[in-house]
Amino acid sequence: MPPPTTNNLGYTPPDGGWGWVVVLAAFISIGFSYAFPKSLTVYFKEIQEYFGVSYSEIAWVSSVMLASMYAAGPISSVLVNRYGSRPVVMVGGLILSAGMILASLGTSIIHLYLCVGVIGGFGLAFNLQPALTIIGTYFQAKRPLANGLAMTGSPVVLFTLAPLNQFLFDSFGWRGSFLILGAIVLNCCVAGSLMRPVNKMVVFKPKTEPLEVNGAEEASGAEALRSEDSPKSQSCVHRFIDFSLFKHRGFLIYLVGNVVMFFGFFAPIVFLAPYAKHQGIDEYSAAFLLSIFALSDMFIRPATGFIGNTRWIRPKIQYFFAFAVSYNGVCHLLCPLFSGYAGLVVYAIIFGIAFGMVCALLFETLMDLVGAKRFSSAVGLVTIIECAPVLLGPPISGDQYCLHNVAALHQ
Amino acid sequence: MSAPCMHPSCLLLLLLVVCRHAHTNLVSVTENTTVTTEPPVETLSPITPPVAPLTPLQTGQKSVVLTGENHTEKVEVVNPVTLNLECVWTGDNKRLPNITGYWTKDGKTIESSYSNTQLQNDRYYLRKEFSIMSEEDLGTYSCIFGPKAKVDFILAAPYLGEMRDKPIVSYVGDSVVMICKMDEKKSKPINWNWYKHNGTSKEKIEVDSPGHRYKITKDEKKTKLVVHNLTESDSGVYFCGAVYGIGTSMGHMQLRVITYFEPLKPFLGILVEVLVLVAVILLYEKTGSKKENQSGPEGNPDQTSNLSHGENAVADGHSGTARQRKV
C-alpha cells in the first residue's frame, strides 16, 4: 500500500499566488452561471407581449436554461477531466455568446427556448463545473475561503446585471439587449484565459509527518491509486467520469441530502415577494426585500468561507454545513412569526445569511468528501441529479400554496 | 356596438368612487332609468362627441361633507348624466348665520351660481345641478364657501391602467405590439381607437390603410395595436382612446424605431475589449513561461525557496486540514 500522502493530488497546491487570480476568474464564471438565468426576467414582459404568449410559457425560458445547465454537468465534467478547466470555460463562453446572439434574431418562442434555454444552458454548464474544479487544484489549506469568495460571484453579478439589464432594455429593446448581452458574456472567455493550469511539476517533500491521519481523503486517494495501477481493468467511461463515486458512502449521503434539500431550498426566494404583497406590503417594498436578501447573502459568503477555514471549524466542516442547512430550516419554520414590514426585513436578513452559508459551503463539503481529484466527476453527477428537485421545487410549493389556500377557504 | 348601462354596475361604480375617501359621508345614488347611447359618429375631426341620447338621462348625486378647508373628490363619469353636487360644510368658529357660496368650473366662476346659504342644523349647504352631456362638461367643479372652504369634484371618464412612461424600442423591419388596458374594476369602454401624433394633431389609425401594416385587436378591457414592417418614420407618440358615452379617455405611449447599427456599436466595443484582454493575458503567460524555461537550471533554487514557502504554508494548514473520519 502506498505511503499515506497528506493529499491525494500528488502535488502541492500553491494556496495563494496565482490562485487568487483564479479565484477572481471563478468568481466571474460562477457569477454568470447562477445569476444570468435569473436576471433575464426583466425582458419577459415585453417578449411575452411581442410573441403573444402567456407568462408561464415565457418563464419556461429561465427553467429550460437552468435545467440545461444542470443536465450538461456530466458532459462538462468529462471535458474537464480530459482537457482541463481553461479550454472548457472559454468554449462555454463562446457557446453562451452564440446562443444569445442567435436569440436576438428570434422569430418565435421555440427559437428562444432553443437559443437561450438549451444553448445558453450548455454554455453556463461549461462555466460552472470547471470554475469549481480549478479551485480544488489551486487550494488545499485555504480552500473553504477560496470557495466562499468564488461563490460570492453569484449575488454580486446578479446585483450588477439587474439594473444593467433594465438600462439595456430601456435603450435597445429586447433584441438589442440580447445582442449586447452576447458580448458581455464573452467576458467568461476572459475568465477562462485566467484559469492557468496549475503547475504540477513541484514535488512535495514532507518535512513533518502529519499528526493526524487523513481519513476519507486518504482512503479514497488510495483507492484511486489502486485503480490507476490497473488501467486495463477499467472501462473507457470510467476514465472520463468516475462512477465508482456511487460506492462512496459520504457521496451518497451528500447526494440524497442535497436532493431533498433542493426541493424546498429555492421556493422561499420565489415566494418572498408575493408573500410580502399578500401581507399588504406594496410592490416596491416587497421587491426591496429581495435586495436586502441579496445583500446579506453577498456579505455572508466570504465570511462563511473565512470561518470555515479557521482551525476549529475546518476539521469539522461537514458539521458546519449540517448546521447551516438546519439553520435554514429553522429560519423558515419561524417565518410565520415575523409580521409587518420590519419583521419581514429581519426575516430577509436572516434568510440571506442562511442561504449564503449553505451556498458557500455546498461545494466545499463535496470537495472535502471526495477529494479534489474526483471532484470534477462528483460535481457533474450531483448537478444532473439535482436538476429534478431544482426544477420541480417551486411549482410543487406553488401547488401546496394553492391546496392549502383552497383548504382554508373551504373551512 | 351599444353598451346598455347596467343597473348594478353603475351603482357599484359611483359607490366605489365615494368609498375611497374614508372621511366623507357616504352618498345616496339614485338611478332612474337605463340608458342606451349611440356609438360615436365619425366626422372630420378626430375626436367626436357622442350624439345626444334621446332617452331620459340618468341622474346622480354626490354629497361631500367638509370638515377642514379643502377636499378633492374624484368622480368617474361613464355616460351622460345629470349630476346633483352637494357640499356640506361644518363651518368655522365664527358661525355666521349667512354665507355667500358659489361654484366654479375649471377655475372660472359660474356667474349664476352665487347664493346665500343659511346655517341649517349647524351646517352650510350648497347644491347645484349640472348637466354632463359631453366631454366639454367634464372637468373640475368646485363649490366655495365664502373665501375659506372649498370642495373640488373632478369629473372624468375612467382613467386607463398603468402605461409605460419610457419609450418602446423596436427595429426597422421588425414589428411592435402596443397594448392599452382598462382596470378590471372600471366599466368597459364601448370601443377602442388608436391615433398617431403627426406633428400637429392626432390622426386616427385605420386598419385597412395601404400596406396592411396595422392590425388592431379589441377585447373588452384590452386593445392591441400591431405595426408590421417598421420604418423610422413610424417613431412618435401613439394614443389609445377608450370610448365611453361621455367621451374618450386617452392614454399615450412613445415608439422609437432604431436600426440594428445602434446596439452593434456597444457589441463591437465589448468584443474588442474581450479580445484585447484575452490576448494580453495569454501573451503575459507565454512570456512568463519562456523566462522560466530560459532560466531553467538556475531557476531551481528559486523553485525550492518557493517550494519551502509553500510547504510551510501547507504544513501549517495541515494540522487543521486533517480530519479523523472513516469512509
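All values reported here derive from a predicted model rather than from experimental measurement. (Residues numbered from 1 in each chain as written. Chains lettered and ligands numbered in written order. Predicted model: local features only at pLDDT ≥ 70, side-chain atom pairs only at ≥ 80, totals over all residues. Heavy atoms only, no water.)

### Here's the deal with the overall build of chain A
Test applied: Only runs of H or I of at least four residues qualify as helices and only runs of E of at least two qualify as strands under DSSP, and these elements are numbered from the N terminus. For every residue, the accessible area obtained with a 1.4 Å probe (protein chains only) is divided by the maximum for its type, and the residue is called buried under 20%, exposed over 50%, and partly exposed between those limits. It only takes one pair of heavy atoms within 4.5 Å for two residues to be counted as in contact. Surface accessibility in these figures is a Shrake-Rupley result with a 1.4 Å probe; residues are shielded only by whichever protein chains are displayed.
Tallying secondary structure elements over chain A gives 17 helices and zero strands in all. Counting every position in chain A, which comprises 411 residues, the buried fraction comes to 56%. For chain A, long-range pairs separated by at least 24 residues make up 86% of all intrachain contacts whose partners lie at least 6 apart in sequence. Accessible area of chain A: about 17400 Å², with a carbon and sulfur share of 72%.

### Examining the overall build of chain B
Helices and strands together make up the secondary structure of chain B, namely three helices and 17 strands. For chain B, the residues scored as buried account for 43% of the 327 residues in total. Intrachain contacts of chain B at a sequence separation of at least 6 include 64% that bridge at least 24 residues. About 18200 Å² of surface is accessible on chain B, with carbon and sulfur atoms providing 55% of the total.

### A closer look at the environment of B:Tyr171
What counts, and what does not: Whenever a nitrogen or oxygen atom comes within 3.5 Å of another N or O atom, the pair is scored as a polar contact, on the condition that within protein one atom can donate a hydrogen and the other can accept it, and that pairs from neighbouring residues in sequence are kept only if both atoms are in side chains.
Along the polypeptide, B:Tyr171 turns up in strand β10 (residues 168-171). Judged by relative accessible area, B:Tyr171 falls into the buried class, the value being 1%. Taking the C-alpha atoms as reference, B:Tyr171 lies 30 Å from B:Asn191; in sequence the two are 20 residues apart. Among the polar contacts made by the side chain of B:Tyr171, one reaches the main-chain carbonyl oxygen of A:Phe172 at a distance of 2.5 Å.

### Some remarks on the packing of aromatic side chains
Note the following rule: Stacked, edge-to-face and tilted are the three classes for Phe, Tyr and Trp ring pairs, Trp counted by its six-membered ring, which pair at centre distances within 6.5 Å; planes under 30 degrees apart are stacked, over 60 edge-to-face, the rest tilted. Lysine and arginine charges are scored as sitting over a ring when NZ or CZ, respectively, is within 6 Å of the ring centre and within 35 degrees of the ring normal.
Tallying each qualifying case throughout the model produces 23 aromatic pairs over all chains. With centroids separated by 5.9 Å and ring planes inclined at 15 degrees, the aromatic side chains of A:Tyr347 and A:Phe351 adopt a geometry described as stacked. Of this pair, A:Tyr347 and A:Phe351 both sit in helix α16 (residues 340-370), four residues apart, roughly one helical turn. Just as A:Tyr347 is buried, A:Phe351 falls in that class too. An aromatic cluster of at least three residues, connected via ring pairs, comprises A:Tyr43, A:Tyr50, A:Phe51, A:Phe169, A:Trp174 and A:Phe178. Between the NZ or CZ atom of B:Lys128 and the centre of the ring of B:Phe130, over which it lies, the distance is 5.6 Å.

### Remarks on the state of the cysteines
Here, disulfide denotes a covalent bond that connects the sulfur atoms of two cysteines. Residue and element names in this part refer to chain A. Quick reminder of the rule: Defined by distance alone, a disulfide is two cysteine sulfur atoms within 2.5 Å.
By the definition in use, this model includes two disulfides over all chains. Cysteine Cys359 remains unbridged, with the sulfur of Cys331 as its closest cysteine sulfur at 14 Å. The structure places no disulfide on Cys387, whose sulfur is separated from the nearest cysteine sulfur, that of Cys359, by 17 Å.

### Concerning a negative patch on the surface
The condition that has to hold: A patch is a set of surface residues, each over 30% in relative accessible area and not in a salt bridge, joined within 9 Å for like charges and within 5 Å for the nonpolar side chains Val, Leu, Ile, Met, Phe, Trp and Tyr. Salt bridges, as used here, are contacts in which a Lys or Arg side-chain nitrogen is within 4 Å of a carboxyl oxygen on Asp or Glu. Neither His nor the chain termini are counted; the positive set is Lys and Arg, and the negative set is Asp and Glu. A charge is said to be at NZ when it belongs to Lys, at CZ for Arg, at CG for Asp and at CD for Glu.
Together, A:Asp282, A:Glu283, B:Glu162, B:Asp183 and B:Glu184 line one region of the surface with negative charge. With respect to the element layout, B:Glu162 can be found in the loop between β9 (149-156) and β10. The class for B:Glu162 is exposed, based on a relative accessible area of 84%.

### Brief notes about helix α6 (residues 109-138) of chain A
Worth spelling out the cut-off: How far a helix is expected to stretch is found by multiplying one less than its residue total by 1.5 Å. To obtain the bend at a residue, axes are fitted to the seven residues ending there and to the seven starting there, and the angle between these axes is taken.
Between its first and last C-alpha atoms α6(A) spans 42 Å; for 30 residues at 1.5 Å apiece the expected length is 44 Å, and the two agree. At A:Gly120, α6(A) is deflected by roughly 30 degrees, the largest bend along its length.

### Quick word on the confidence of the model for chain B
Residues and elements named next belong to chain B. Quick note on the threshold: A score from 0 to 100, pLDDT tells how confident the predictor is in each residue.
For chain B, mean pLDDT is 73; residues scoring 70 or higher make up 71% of the total. Here helix α3 (residues 299-321) is the element of chain B with the lowest mean pLDDT, 43, and β10 is the one with the highest, 92. Within the model, pLDDT remains below 50 along residues 10-19, and this stretch shows 22 contacts once partners closer than five positions in the same chain are excluded. Contacts for the low-pLDDT stretch residues 299-327, under 50 throughout, to residues beyond four places or in other chains number 38 contacts. Of the two predicted TM-score estimates for the complex, the pTM is 0.75 and the ipTM is 0.79.

### As for the packing of helix α14 (residues 283-309) of chain A against α16(A)
All names here are of chain A. Put simply, the rule is: Each axis is a line fitted through C-alpha atoms, taken for helices only over the stretch in contact, and angles between the N-to-C directions span 0 to 180 degrees. Two helices crossing with the near one rotated counterclockwise from the far one by less than a right angle form a left-handed crossing, whereas a clockwise rotation gives a right-handed crossing. In this classification, the charged set is Asp, Glu, Lys and Arg, the nonpolar set is Ala, Val, Leu, Ile, Met, Phe, Trp, Tyr, Cys and Pro, and all remaining amino acids, among them Gly, are polar.
Contact pair α14 / α16: the axes reach a minimum separation of 7 Å and the direction vectors enclose 35 degrees. The way α14 lies across α16 gives a crossing that is right-handed. Residues of the contact of α14 with α16, tallied by class, amount to 17 nonpolar, five polar and two charged.

### What about the sheet that holds strand β16 (residues 236-243) of chain B?
All names here are of chain B. So the rule is basically this: For two strands to be treated as a pair, DSSP must find at least two bridges joining them.
The strand order across the open sheet formed by five strands is β10-β17-β16-β12-β13, and the pairing between neighbours is mixed. Edge strands, defined here as strands with exactly one partner in the open sheet, are β10 and β13 (202-204). Averaged over all pairs of adjacent strands, the angle between their axes in this sheet comes to 35 degrees, without regard to strand direction. In terms of strand pairing, strand β12 (residues 191-197) meets β13 through three bridges, oriented antiparallel.

### Brief notes about the pairing of β10(B)
All names here are of chain B. Taking every second residue as pointing to the same face, both faces of β10 are buried, with Ile168 and Ser170 on one and Val169 and Tyr171 on the other. Relative to strand β17 (residues 248-258), β10 runs parallel, the two sharing four bridges. Each bridged residue has a counterpart across the sheet, and for Tyr171 the counterpart in β17 is Ile258.

### A look at a nonpolar patch on the surface
Taken together, the side chains of A:Leu102, A:Leu105 and B:Tyr260 present a nonpolar region at the surface, about 280 Å² in accessible area. Among the structural elements, A:Leu102 can be located in helix α5 (residues 85-104).

### Details of the nonpolar core
Under the convention used in this document: Residues belong to a common nonpolar core when they are buried Ala, Val, Leu, Ile, Met, Phe, Trp, Tyr or Cys residues joined through side-chain atoms within 4.5 Å.
Counting residues in each nonpolar core, the largest one holds 126 residues, and the members touching the most others are A:Phe36, A:Leu40, A:Leu112 and A:Phe178. A total of 15 residues in this core trace back to one element, the largest contributor, which is α16(A). Discounting residues that sit within four places of it in the chain, A:Phe178 has contacts with A:Leu40, A:Tyr43, A:Ile47, A:Met100, A:Ala103, A:Ser104, A:Leu112 and A:Val116. Counting residues in hydrophobic clusters, the runner-up holds 47 residues, among them B:Trp89, B:Tyr124, B:Phe130 and B:Leu155.

### Quick look at the sheet that holds strand β3 (residues 81-89) of chain B
All names here are of chain B. Read from one edge to the other, the open sheet built from three strands follows the order β1-β3-β7, with strand pairing classed as mixed. Two strands bound the open sheet, and with one partner strand each, they are β1 (58-66) and β7 (124-132). Shown here is a sheet whose adjacent strand axes are inclined to one another by a mean of 15 degrees, direction ignored. Where β3 meets β7, nine bridges bridge the pair, whose relative direction is antiparallel. In the strand pairing of β7, Thr82 is matched with Ser131.

### Notes on helix α3 (residues 55-71) of chain A
Residues and elements named next belong to chain A. Here α3 spans 24 Å end to end across 17 residues, near enough to the 24 Å set by a 1.5 Å rise per residue. Taking the largest bend as the criterion, α3 deviates by roughly 25 degrees, centred on Val61. Among the residues making up α3, those that are buried are Ile58, Val61, Ser62, Met65, Ala67, Ser68, Met69 and Tyr70.

### Topic: the pattern of salt bridges
For the structure on display, the rule yields 14 salt bridges over all chains. Taking the shortest distance from any N to any O, the salt bridge between A:Arg175 and B:Asp174 comes out at 2.9 Å. Of this pair, A:Arg175 sits in helix α8 (residues 153-184) while B:Asp174 sits in the loop between β10 and β11 (176-181), which puts the two residues in different chains. For B:Glu285, the salt bridge identified is with A:Arg196, shortest N-O distance 3.3 Å. In this pair, B:Glu285 is assigned in helix α2 (residues 261-294) and A:Arg196 in the loop between α9 (187-194) and α10 (216-229), connecting two distinct chains. Classification of B:Glu285 as buried rests on a relative accessible area of 18%. If you follow the salt bridges from partner to partner, you end up with A:Arg86, A:Arg196 and B:Glu285 in one network.

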